[in-house]
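One letter stands for each residue in the lines below.
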Amino acid sequence: MLRGLYTGANGMISQQVRMDVIANNLANVDKTAFKKDTTVFKTFPEMLLHRYSEDGIGKTPMGSFDTSPVVGKLGFGAEVNEVYTRFEQGAVKKTDNIFDLMVQDQPGMEKPAFFSVLTNRGERLTRSGSFVLDKNGFVVTPQGFPLLGEKGPIQVNQGNFLVKENGEIYINAKLGTAPKDGTNFSENRFEEPVLLDKLKIRTVENPRHLDKEGDSFYSDTPESGEPTPFPELLAPQVLQGYLEASNVSVVTEMVDMIEVNRAYEANSKTMQTQDSLLGRLFEIMR
């Protein structure tokens, strides 16, 4: 009966972890480019049961027989194997803000693309393309971390920032990059277009092993592999003036939440039943 208590408790703990993941998904449903997490379970190693009233090999004139035959397998419930991040593309949102960028994954791409950002903890990857211009003319995240190009942090001025689909960044040389020389983007005719840099778009070999760090940042790990550029033919498109929505479906998460509540309740009743039977057994033994 103690096995039943352990199995029920195990199920409750597993469902609690799953509920925490669902709650986190729902809390970030409106966050730019947030990627939902899914809880993956695995079973505990099963135990092979034998009849234990006897042990060994019985001898007869006709041969021998097993006095401890196999009864069957006994499971001990499930445990959390990992929290898996799903990198499916989110919906496209048009903003018309020139500092809003979106990575559009191409059909057939097996690995997601990421912007590269220089944080105070080192270089990090992000799908969130919501950037702003700081007072020094650097394109930065809302937290103040600069967006990286192949040559380093990107410095432009207001209204003089044009990003092509291949990630190339152009400015109007007539305006330069000094913050005081900024203009309205709609008035900028780019009479003297100059290639300033190219966005540093990267991917990793095993995205499922990336570590989430908060603020939409991901850090690479030995299991994920180091960030590498895309081959030219497989490079993603970059959309200026658009943002990627989260890939969380509120309806799906609510259905999963109901399922978790029912599974948690079932495991709880299992423990109550086992506890009741154990109590009756003690009464009989007394």
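Residues numbered from 1 in each chain as written. Predicted model: local features only at pLDDT ≥ 70, side-chain atom pairs only at ≥ 80, totals over all residues. Heavy atoms only, no water.

Caption draft 1: The arrangement of the overall build of the protein chain in detail. The helix and strand inventory of the protein chain stands at two helices and 22 strands. Sorting the 286 residues of the protein chain into buried and exposed places 38% on the buried side. When contacts within the protein chain are restricted to residue pairs at least 6 apart in sequence, long-range pairs at least 24 apart make up 68% of them. Working note: accessible area of the protein chain is about 16,600 Å², and carbon and sulfur atoms make up 53% of it. (Helix = DSSP H or I, 4+ residues; strand = E, 2+ residues; numbered from the N terminus. Buried < 20%, exposed > 50% of the residue type's maximum accessible area, 1.4 Å probe, protein only. Contact = heavy atoms within 4.5 Å. Areas by Shrake-Rupley, 256 points an atom, 1.4 Å probe, with all protein chains shown as cover.)

Caption draft 2: Representation of the nonpolar core in the model. Phe-161 and Leu-199 are the most contacted members of the largest nonpolar core, which totals 23 residues. If you list the elements that add at least two residues to this core, you get β8 (101–104), β9 (114–119) and β16 (168–172). Each residue touching Phe-161, except ones within four places of it in the same chain, is listed here: Ile-98, Phe-99, Leu-101, Val-139, Ile-154, Val-156, Ile-169, Tyr-170, Phe-185, Phe-190 and Gln-240. Residues Phe-87, Leu-125, Val-204 and Leu-210 belong to the second largest nonpolar core, which totals six residues. (Core = buried A, V, L, I, M, F, W, Y, C linked by side-chain atoms within 4.5 Å.)

Caption draft 3: Structural context of the sheet that holds strand β10 (residues 122–126). Strand order in the open sheet formed by five strands is β18-β9-β10-β20-β19, and the pairing between neighbours is antiparallel. For this open sheet the edge positions go to β18 (201–202) and β19 (211–214), each flanked by a neighbour on one side alone. For β9 and β18, the ladder comprises two bridges, and the chain directions are antiparallel. Across the sheet, residue Phe-114 finds its bridge partner in β18, namely Arg-202. (Pairing = 2+ DSSP bridges.)

Caption draft 4: The arrangement of the sheet that holds strand β15 (residues 162–163) in detail. Taken in spatial order, the three strands make up an open sheet running β15-β16-β17, and their pairing is antiparallel. Of all strands in the sheet, those with a lone pairing partner are β15 and β17 (193–198), marking the two edges.

Caption draft 5: Structural context of the environment of Gln-89. Its place among the elements puts Gln-89 in the loop between β6 (78–85) and β7 (92–94). Accessibility expressed as a relative area gives 28% for Gln-89, which makes it partly exposed. Gln-89 sits 16 residues away from Asp-105 along the chain, and the two C-alpha atoms are 7.1 Å apart. When residues no more than four places from it in sequence are discounted, the contact partners of Gln-89 are Lys-35, Met-102, Val-103, Gln-104, Asp-105, Arg-127, Glu-244 and Asn-247. Of the polar contacts made by the side chain of Gln-89, one reaches the backbone oxygen of Val-103; its length is 3.4 Å. (Polar contact = N/O pair within 3.5 Å; in protein donor to acceptor, adjacent residues only side chain to side chain.)

Caption draft 6: Local environment of the packing of aromatic side chains. A full pass over the atoms with the stated rule returns seven aromatic pairs. Look at Phe-87 and Phe-114: their rings are 5.7 Å apart centre to centre, the planes differ by 85°, and that puts the pair in the edge-to-face class. With a gap of 27 residues between them, Phe-87 in the loop between β6 and β7 and Phe-114 in strand β9 connect regions that are remote in the sequence. Its relative accessible area of 0% is what places Phe-114 among the buried residues. (Phe/Tyr/Trp six-rings, centres within 6.5 Å; stacked < 30°, edge-to-face > 60°.)

Caption draft 7: Examining a negative patch on the surface more closely. Taken together, the side chains of Asp-211, Asp-220, Glu-223 and Glu-226 make up a negatively charged region of the molecular surface. Structurally, Asp-211 is set in strand β19. Residue Asp-211 is classed as partly exposed on the basis of its relative accessible area, which comes to 40%. (Patch = residues over 30% accessible without salt bridge, like charges linked within 9 Å, V, L, I, M, F, W, Y side chains within 5 Å. Salt bridge = Lys/Arg side-chain N within 4 Å of Asp/Glu carboxyl O. Lys, Arg positive; Asp, Glu negative; His and termini not counted. Charge placed at Lys NZ, Arg CZ, Asp CG, Glu CD.)

Caption draft 8: Quick look at the packing of helix α1 (residues 2–27) against helix α2 (residues 250–285). The geometry of α1 relative to α2 is characterised by a closest axis approach of 8 Å and an angle of 160° between their N-to-C directions. The angle between α1 and α2 places the two elements in the roughly antiparallel class. Crossing of α1 over α2 shows left-handed handedness. When the residues that make up the contact of α1 with α2 are grouped by side-chain class, the tally is 15 nonpolar, twelve polar and five charged. (Axes fitted to C-alpha atoms, helices over the stretch in contact; angles between N-to-C directions. Parallel < 35°, antiparallel > 145°, perpendicular 65-115°, else oblique. Left-handed = near helix turned anticlockwise from the far one by under 90°. Nonpolar A, V, L, I, M, F, W, Y, C, P; charged D, E, K, R; others polar.)

Caption draft 9: Representation of the environment of Lys-174. By secondary structure assignment, the location of Lys-174 is in the loop between β16 and β17. The spatial distance from the C-alpha of Lys-174 to the C-alpha of Glu-192 is 6.1 Å, given a sequence separation of 18 residues.

Caption draft 10: Region of interest: the pattern of salt bridges. Counting across every chain of the model gives 19 salt bridges. As a salt-bridge pair, Glu-253 and Lys-36 come within 3.0 Å of each other at their nearest N and O atoms. Of this pair, Glu-253 sits in helix α2 while Lys-36 sits in the loop between α1 and β1 (37–43), placing them 217 residues apart in sequence. Note that Asp-105 is salt-bridged to Arg-127, the shortest N-O span being 3.2 Å. With Asp-105 in the loop between β8 and β9 and Arg-127 in the loop between β10 and β11 (132–133), this pair connects stretches of sequence that are 22 residues apart. Per residue, the accessibility class of Asp-105 equals that of Arg-127, and both read buried.

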